[in-house]
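Descriptive structure summary
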Amino acid sequence: MNRRECLHLLTGLAGAALASEARAQGGEQRSIPTIEPPDPSPKTPSLKLPAKSCDSHTHIFGPASRYPFSEKRPYNTADAPLEAFRSVHEKIGVERCVIVNATVHGTDNRVVTDAIAQSEGAYKGIANVNDEMTEKELAALDKAGICGCRFAFLKRLGGVGDMGKFQRIVHRVAELGWHIDVYFEPGTIAEFAPILSALPTPYVIDHMGTVQAGKGLDDLGFTALLDLQRKDEKCWVKITGLERASAAGKPFHDAVPFAKALIDNAPDRVLWGTDWPHPNVKVMPNDGEIVDLIPLYAADAKLQQKLLVDNPARLFKFT
């Protein structure tokens, strides 16, 4: 795919979905923020990723004409469809992916399961689910390549919600062998640590626990994450979102010590990902540059193999 084609794919806002919603509401349209599309020209990284490297946190948006966005979505976005998704991963050298269904698609997980079906075993998925889903529906998602479900405890994505429903869902999906993917507000890990430690299944903490690099390595929010990661064998952490953690901006080097500390703390329970197409970031990263940050926090080839290949293969059950 050339630059022009990629730009066309990434910058066409979901007009059909928005127009449909406006008509459904009698011409009135909710005031929903529109987020920036990803960098359409990922650089070829200097680092050559090992075979079967996995992007453990990435998304697909639309196309909205085929996969309509939820009426309750917290933001509007340009389409970032499967074709662009594949193009980025080919450029940076990724062979395997875990597609996390974004909140814009609500509990309609077809954008993920359809991509998995076309991947010849190279993709797995994390679904959005709710307590109203039947056992048959959950089993169908499991058969389609879903291996976990996500809970975003962020105010801008809906807030904490009903913890009773959370517990019921967790115990239901644990019976399927799924893990739980969790996304927290900065500084709230200590608050959730007792709940996480008591879970009946492994859990993965998104974006390095939303650490804030400007607060330093001794910040209580970050030390709480290190403590939980060290003590609980069910705890996995995604080395993603350095652009979210950074206080200095590009090239995000101030976030590198946090990534290194988490990897050194539990090298067998860390995962790497791009977070493409980078929803809701203040500074848009380039995916090739994200890859080239890896040697700064995982310099050893054996450590890179764990982070990029072995750990995700084990958790997500790639064959």
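So, here's what we can say about the structure. (Residues numbered from 1 in each chain as written. Predicted model: local features only at pLDDT ≥ 70, side-chain atom pairs only at ≥ 80, totals over all residues. Heavy atoms only, no water.)

1. Overview of the sheet that holds strand S2 (residues 96-100)
Strand pairing within a sheet occurs via backbone hydrogen bonds; the two strands may be parallel or antiparallel. One open sheet accounts for 8 strands, arranged S1-S2-S3-S4-S5-S6-S7-S8; its pairing is parallel. The two strands at the open ends of the sheet, each matched to only one other strand, are strand S1 (54-58) and strand S8 (270-272). Taking each pair of neighbouring strands and ignoring which way they run, the sheet shows an average axis angle of 25°. Note that strand S7 (residues 235-239) and S8 share 3 bridges and pair parallel. Across the sheet, the residue bridging to Ile239 is Trp272, located in S8. Along the sheet, helix H6 (residues 163-174) contacts strand S4 (146-153) and strand S5 (179-184); its crossing angle with S4, the most-contacted strand, is approximately 165°. (Pairing = 2+ DSSP bridges. Helix = DSSP H or I, 4+ residues; strand = E, 2+ residues; numbered from the N terminus. Axes fitted to C-alpha atoms, helices over the stretch in contact; angles between N-to-C directions. Contact = heavy atoms within 4.5 Å.)

2. A closer look at the pairing of S2
Here S2 lies mainly inside the structure; 5 of its 5 residues are buried. Because side chains alternate across S2, one face comprises the buried residues Arg96, Val98 and Val100, and the other comprises Cys97 and Ile99, equally buried. With 3 bridges joining them, S1 and S2 adopt parallel strand pairing. From the neighbouring strand, Thr58 faces S2, where its bridge partner is Ile99. Between the parallel pair S1 and S2, the chain is carried across by helix H3 (residues 82-92), and the sense of this crossover is right-handed. With 4 bridges connecting them, S2 and strand S3 (residues 123-127) associate as parallel partners. The residue bridging Ile99 from the neighbouring strand is Gly125, located in S3. Between the parallel elements S2 and S3, the chain passes through helix H4 (residues 110-117) in a crossover that is right-handed. (Buried < 20%, exposed > 50% of the residue type's maximum accessible area, 1.4 Å probe, protein only. Right-handed = clockwise from strand over helix to strand, strands pointing away.)

3. With respect to H6
An ideal rise of 1.5 Å per residue puts 16 Å on 12 residues; H6 measures up with 16 Å between its terminal C-alpha atoms. Among the residues of H6, Phe166, Ile169, Val170, Arg172 and Val173 are the ones counted as buried. The buried residues of H6 occupy an angular sector of 165° when projected down its axis, which confines them to one face. Along its buried surface, H6 packs onto helix H5 (135-143), S4, S5 and helix H7 (189-197). (Expected span 1.5 Å × (residues − 1). Arc of directions from axis to C-beta.)

4. Some points on the packing of H7 against helix H9 (residues 220-231)
Direction vectors running N to C along H7 and H9 enclose 15°, while the axes themselves pass 9 Å from each other. In terms of axis orientation, H7 runs roughly parallel to H9. The crossing of H7 and H9 is right-handed. Residue-level inspection shows Ile189, Ala190, Ala193, Leu196 and Ser197 of H7 in contact with H9, the latter providing Gly221, Ala224, Leu225 and Leu228. For the contact of H7 with H9, the per-class residue count stands at 7 nonpolar, 2 polar and no charged. (Parallel < 35°, antiparallel > 145°, perpendicular 65-115°, else oblique. Left-handed = near helix turned anticlockwise from the far one by under 90°. Nonpolar A, V, L, I, M, F, W, Y, C, P; charged D, E, K, R; others polar.)

5. Considerations on the state of the cysteines
Inspection of the entire model under this criterion finds 0 disulfides. Cys97 supplies the cysteine sulfur nearest to Cys54, a cysteine that is in no disulfide, at a spacing of 6.4 Å. No disulfide involves Cys147; its sulfur sits 9.2 Å from that of Cys54, the nearest cysteine. (Disulfide = S-S within 2.5 Å.)

6. Describing the environment of Pro45
By secondary structure assignment, the location of Pro45 is in the loop between helix H2 (15-24) and S1. Taking the C-alpha atoms as reference points, Pro45 and Asp287, 242 residues apart in sequence, are found 8.4 Å from one another. Those residues in contact with Pro45 that sit more than four places away from it in its chain are Lys91, Ile92, Gly288, Val291 and Asp292.

7. Side note on the side chain of His57
As for its position among the elements, His57 is in strand S1. For His57, the contacting residues outside a window of four places in its chain are Val98, Val100, Arg150, Asp206, His207, Lys238, Thr240, Trp272, Gly273, Thr274, Asp275 and Trp276.

8. Notes on H7
Within H7 the residues assigned to the buried category are Ile189, Phe192, Ala193 and Leu196. Buried residues of H7, viewed axially, fall in a sector of 135°; they line one side. Structural note: H7 exposes Glu191 and Pro194 on the side pointing more than 90 degrees away from its buried face. Where H7 is buried, its residues touch S4, S5, strand S6 (203-205), helix H8 (207-210) and H9.

9. As for the nonpolar core
One finds Ile205, Ile239, Leu242 and Tyr297 to be the most contacted residues of the largest nonpolar core, which totals 83 residues. Among residues more than four places away in sequence, those in contact with Ile205 are Val182, Ile189, Leu196, Leu225, Leu228, Cys235, Trp236, Val237 and Lys238. Of all hydrophobic cores here, the second largest spans 11 residues; its members include Val100, Cys147, Leu271 and Phe316. (Core = buried A, V, L, I, M, F, W, Y, C linked by side-chain atoms within 4.5 Å.)

10. Looking at the layout of surface pockets
Each pocket or cavity is described by its volume, and for the second largest pocket that value is around 450 Å³. In this structure, the second largest pocket is lined by 23 residues; those nearest its centre are Pro186, Arg244, Ala245, Asn280 and Lys282. Breaking the lining of the second largest pocket down by element, the ones donating at least two residues are S5, H8 and helix H10 (242-245). Counting residues per element, the lining of the second largest pocket draws most heavily on H10, at 3 residues. Classifying every residue of the lining of the second largest pocket gives 10 nonpolar, 7 polar and 6 charged. (1 Å grid on protein atoms, 1.4 Å probe; cavity = no way out; pocket = protein on both sides within 12 Å on 5 of 7 lines; lining within 4 Å. Points joined across faces, edges and corners; volume = space filled by probe spheres on them.)

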